[in-house]
Every structure is written in C-alpha cells, then in structure tokens.
Amino acid sequence: YRNTIATIGYLKALNKKNTMILRASYNRYFYNSQDTSVNYVFKNNIGSSLSYRNKWIGGRLSINFLFGEEFGMNVTPSLFSRIPLIRFGTFNKIQFEPEISLFIGSESVEYVSAGSLSGHMSGSQQELTTKDVYGLLNMQFYLPVCLYIGDFDIELGYSLNVPCTQ
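All of these numbers come straight from a predicted model, not from anything done at the bench.

Trainee: With reference to specific residues and values, describe a nonpolar patch on the surface.
Mentor: Among the surface-exposed residues, Ile83, Leu85, Ile86, Phe88, Val145, Ile149, Phe152 and Ile154 lie close enough to one another that they form a single nonpolar patch of about 690 Å² accessible area. Taken together, the elements giving at least two residues each to the nonpolar patch come down to strand E6 (83–88), strand E9 (127–149) and strand E10 (152–163). It is E6 that contributes the most residues to the nonpolar patch, four residues altogether. Mapped onto the elements of the fold, isoleucine 83 is located in strand E6. On the basis of relative accessible area, isoleucine 83 is assigned to the partly exposed category, the value being 35%.

This is the structure:
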C-alpha cells in the first residue's frame, strides 16, 4: 500500500432545504516509505467546498491548500447528478450518481535540452529548465452505483482520469 489518510471535517447546510452545503476539512497523509526514491512533499491538506444541488443535479466548487515541504493549491469545479434506479421500502434505493470534475492547479514542469542545433553541446552537457505552470491538470469522470438501506450505504464505481498536464 502507498498511504493512509486521516481526515476530520465539518459540514453545514446553509439553507432550510439543504440545497446549499458548505464543507471544510483537514487531511493528514501518512506515506509508506518502501520506495525511498519518491519524495512526498505534501503531507497536509486544508480544503473547503460549496455545493448547490436540486433534486437530481448539482455543482460543487472546492479549493484545497496542500503543504508540507512545499505549498500547493488546487481548485476543482464539479457537476454531479443523482438518478434513482430502483426504490424499495420507505427510504431504500439504488441510485446512479455520475460526476465530472476538473482539477485545476499548479505543477512544476522540467524541460531537458540534450544539445543545441549548432552541435556545440555534447550529450553530457544537458541543460535542465524548470517552469511553474498553473492550469488544467486532470479531468475525472466518476460513475458510481450506490445502494442505500436505512443508515447503511455501499458504493461501487468506476473512475476514468484524463491527465492534462504538460
């Protein structure tokens, strides 16, 4: 396994219909250090999100501040839906809850130059350039089917990630 995450959070409905929800959370990441060549620079995350939903569709805007050895920030707008498939009993149901999210944040991109066109640099004289870039990092399509029975729920889903980094 790679990591364990401890989370504490707060959720508050901002209106009587519970259609607008504010969330705040703190995550602490504990990494399994079997691979010593990987340096995990973010060990903490403070995040907040604001969601609005009606009966079957909603939107969410999240912001996360990651810190540890370095500092990072990302913004995630999302659209989601809740589509009932089967209802049984008073509160029991099976629901399809698709979601699409865009992960917008910063990344450091390293460019390596192996030589010049004039031939004045040898292969051992590589030039390394680092550039900080802010933009779309990833698109995620999440397709879960959820079973709700009373206070118990279970979710089975498929996630498709489309990297958009440089």
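Right, picking up where we left off after that structure.
Trainee: Give a detailed account of the packing of aromatic side chains, specifying residues and quantitative values.
Mentor: Within this structure, the stated rule accounts for three aromatic pairs. Aromatic side chains tyrosine 31 and tyrosine 40 sit 4.0 Å apart centroid to centroid with 0 degrees between the ring planes, which places their arrangement in the stacked category. For tyrosine 40, a relative accessible area of 18% corresponds to the buried category. Among the aromatic residues, those joined into a cluster by ring pairs are Tyr29, Tyr31 and Tyr40. Over the ring of phenylalanine 30 we find arginine 28; its NZ or CZ atom is 5.1 Å from the centre of that ring. The ring of tyrosine 148 has lysine 93 sitting right over it, with the charged end atom 5.7 Å from the ring centre.

Trainee: Explain the environment of phenylalanine 71 to me, and be specific about the residues and the numbers.
Mentor: Examined against the element boundaries, phenylalanine 71 turns out to sit in strand E5 (residues 71–81). Residues phenylalanine 71 and arginine 87, spaced 16 residues apart in sequence, show a C-alpha to C-alpha distance of 46 Å.

Trainee: For the pairing of E9, give the residues involved together with the corresponding values.
Mentor: Bridging between strand E7 (residues 92–96) and E9 involves four bridges; their strand directions are antiparallel. Looking across to E9, one finds that glutamine 95 is bridged to cysteine 146. Pairing of strand E8 (residues 99–113) with E9, which is carried by 15 bridges, proceeds in the antiparallel orientation. The residue of E9 that forms the bridge with tyrosine 111 is threonine 129. As defined by bridge partners, E9 adjoins E10 across twelve bridges and the pair is classed as antiparallel. Directly across from proline 144, in E10, lies its bridge partner glycine 157. The turn joining E9 and E10, which pair antiparallel and follow one another in sequence, is formed by two residues; a positive phi near 60 degrees is taken by glycine 150.

Trainee: Tell me about the layout of surface pockets, and name the residues and values.
Mentor: By rolling a water-sized probe across the atoms, one finds the places where empty space is left. Put simply, the largest pocket is a space of about 450 Å³. Around the largest pocket, the lining is made up of 18 residues, and of these Val41, Phe42, Leu66, Gly72 and Ser106 lie nearest the centre. Listing elements by their share of the lining of the largest pocket, those giving two or more residues are strand E2 (20–31), strand E3 (42–53), strand E4 (57–68), E5, E8 and E9. Considered class by class, the residues forming the lining of the largest pocket number eight nonpolar, seven polar and three charged. Roughly 320 Å³ of volume is contained in the second largest pocket. Of all the secondary structure elements, the ones that give two or more residues to the lining of the second largest pocket are E2, E3, E4, E5, E8 and E9. By residue number, the principal contributor to the lining of the second largest pocket is E4, which donates four residues. Grouping the amino acids of the lining of the second largest pocket by side-chain chemistry returns four nonpolar, eleven polar and three charged.

Cut-off values and rules
Residues numbered from 1 in each chain as written. Predicted model: local features only at pLDDT ≥ 70, side-chain atom pairs only at ≥ 80, totals over all residues. Heavy atoms only, no water. Patch = residues over 30% accessible without salt bridge, like charges linked within 9 Å, V, L, I, M, F, W, Y side chains within 5 Å. Areas by Shrake-Rupley, 256 points an atom, 1.4 Å probe, with all protein chains shown as cover. Salt bridge = Lys/Arg side-chain N within 4 Å of Asp/Glu carboxyl O. Helix = DSSP H or I, 4+ residues; strand = E, 2+ residues; numbered from the N terminus. Buried < 20%, exposed > 50% of the residue type's maximum accessible area, 1.4 Å probe, protein only. Phe/Tyr/Trp six-rings, centres within 6.5 Å; stacked < 30°, edge-to-face > 60°. Lys NZ or Arg CZ within 6 Å of the ring centre and 35° of its normal. Pairing = 2+ DSSP bridges. 1 Å grid on protein atoms, 1.4 Å probe; cavity = no way out; pocket = protein on both sides within 12 Å on 5 of 7 lines; lining within 4 Å. Points joined across faces, edges and corners; volume = space filled by probe spheres on them. Nonpolar A, V, L, I, M, F, W, Y, C, P; charged D, E, K, R; others polar.

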